[in-house]
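# Fold and geometry: a report
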Amino acid sequence: MKYLVLIPDGLADWKCEELGNRTPLEYASPENMNYLAREGICGVARTIPQGFEPGSDIANLTILGIDPKKYYTGRGPIEALSMGVDGRIFFRCNLVYVENGVMVDYSGNRIGDRESREVFRALEKEKPYEFIHFHHGVSFRGILSFSREFDEIPKTSAPHDIMGERFERYLPERNDLGMILVELMEWSRDVLRDIGSKANMIWPWSGGKKPEFPEFREKYGMRGSMISEVDLLRGIGKGLRMDVVEVEGMTAYIDTNYRGIARAVLKELKRKDFVLLHTEGIDEVGHEGDAEKKAEAIIMYDERILGYLLDRIDLDGTKILLIPDHATPVKLRTHTSEPVPFAIKDGRRDDVRVFSESACKMGKLGLIDGLNLMEILLRI
Ligand SMILES: [Zn+2]
């Protein structure tokens, strides 16, 4: 038996007035997703455990049966895994722009990729401590790693959450490591000014110790591949020692290389027992707040990825799970924590006829803890 897990990021939504009081998913009524619901067994799953922020990292760990309460140490550490950065403690490190004590831009005055690389190089060269390291990621994003241990990880704030506010109120918590972070932030202002950078300060956040994820193969007794358009998911895949597959032309938006992605899934399914595909486009459109466009994005996914796969895979020899990681209501333009609909095609059936937020609630599996999804899919 093969297992295919399809995760369209942010697919679930709320009813929208502009769509005749339907959700984008209900409005789109995607043929192939409806097929999975009709031919399979449905329910709704809690993918964001209480007390966690509704993010793709938390939700996807939960879907994979990896309890965030036990294994999640922060976004910084997962991004570090994805970048192959080694160390003991990691923070996500933004280049930001502040003015008169106010956080003006979390993306460093729209600093470009090349200039940003130079900035991180300068920070690494001038750094005041041997045990810290700066690593450039993509555009304004980087990682600040520590090669020595600290007992306590300071609480920090995400720079995009404090736009327009006085940043002093949101500086890292003042424990031993937090004091060093604050010192580095102050120090970075001189370095960035001296090299004439568009950004004028670093902002370390979401720090944590190196996560000790179990190995996917050991936990589930099979080899797994992860195909994702975002670093956060690739980091989880690497942390679980899954095979992380890159596809050319992936844009993490609705103009992505659908054909290339679908082909990569087919190729991986031939060689592995388990394939997880996480795509980003629908979530991005949710953040844009355009209900109609989100419905169109759902149709694109349904036709170009799901339809393409259903036409080509061995349906009797493959169990399929379709589930968004979390909801991204266009009305809010951000993520929410409510349970998400899912359909499993594994030979069992219930009375659900369409794949939607409300229809799946009536499914035979009811409301479940997302941590149980893998067990249900694999029927361990
Ligand atoms: Zn999102």
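Position numbers for residues start from 1 in each chain and track the written sequence from start to end. Given that the model is predicted, a residue must reach a pLDDT of at least 70 before its local features are reported, and side-chain atom pairs must reach 80 or more before they are shown or counted; all residues, however, enter totals for whole chains, interfaces and linings.

The next subject is the environment of E99. Numbering goes from the N terminus for both helices and strands, where a helix is a DSSP run of H or I of at least four residues and a strand is a run of E of at least two. Tracing the sequence through the fold places E99 in strand β3 (residues 89-99). Considering only alpha carbons, one finds E99 and G164, 65 residues apart in sequence, at a separation of 9.7 Å.

Burial analysis of strand β1 (residues 2-8) places 6 of its 7 residues in the buried class, the great majority of the element. Bridging between β1 and strand β11 (residues 318-322) involves 5 bridges; their strand directions are parallel. Each residue of the ladder has a partner; that of L6, found in β11, is L322. Bridge count between β1 and strand β10 (residues 274-279): 6 bridges; the pairing is parallel. Pairing of L6 across the sheet is with L277, part of β10. A residue is called partly exposed when the number of other C-beta atoms within 10 Å of its own lies between 12 and 20, exposed at 12 or fewer, and buried at 20 or more, with C-beta atoms placed from the backbone. By this definition, two strands are paired if DSSP reports at least two bridges between them.

For the pair helix α3 (residues 56-63) and helix α9 (residues 231-239), interaxial distance at closest approach is 9 Å and the crossing angle is 35°. Handedness of the α3/α9 crossing: right-handed. Residue-level contacts link S56, D57, N60 and L61 of α3 to L232, L233 and I236 of α9. Angles run from 0 to 180 degrees between N-to-C directions of axes, and those axes are lines fitted to C-alpha atoms, restricted for helices to the stretch in contact. The handedness criterion is simple: a crossing whose near helix is rotated anticlockwise from the far helix by less than a right angle is left-handed, and one whose near helix is rotated clockwise is right-handed. Any pair of residues counts as being in contact when their C-beta atoms, constructed from backbone geometry, are within 7 Å of one another.

Its identity is not glycine, yet S29 carries a phi of approximately 40°, on the positive side. Mapped onto the fold, S29 is located in the loop between α1 (24-28) and α2 (31-39). Here the phi dihedral of N109 falls at roughly 60°; this positive angle occurs in a residue that is not glycine. Relative to the helices and strands, N109 resides in the loop between β4 (102-105) and α6 (113-126).

It is worth spelling out the sheet that holds strand β2 (residues 41-46) at this point. Taking strand neighbours across the sheet as the criterion, the 8 strands line up as β9-β8-β10-β1-β11-β12-β2-β13 in an open arrangement whose pairing is mixed. Of all strands in the sheet, those bounded by a partner on one side alone are β9 (243-245) and β13 (367-369). Averaged over all pairs of adjacent strands, the angle between their axes in this sheet comes to 25°, without regard to strand direction. Strands in contact with helix α10 (residues 258-271) are β1, β8 (224-228), β9 and β10; relative to β10, the strand with the most contacts, it is inclined by about 165°.

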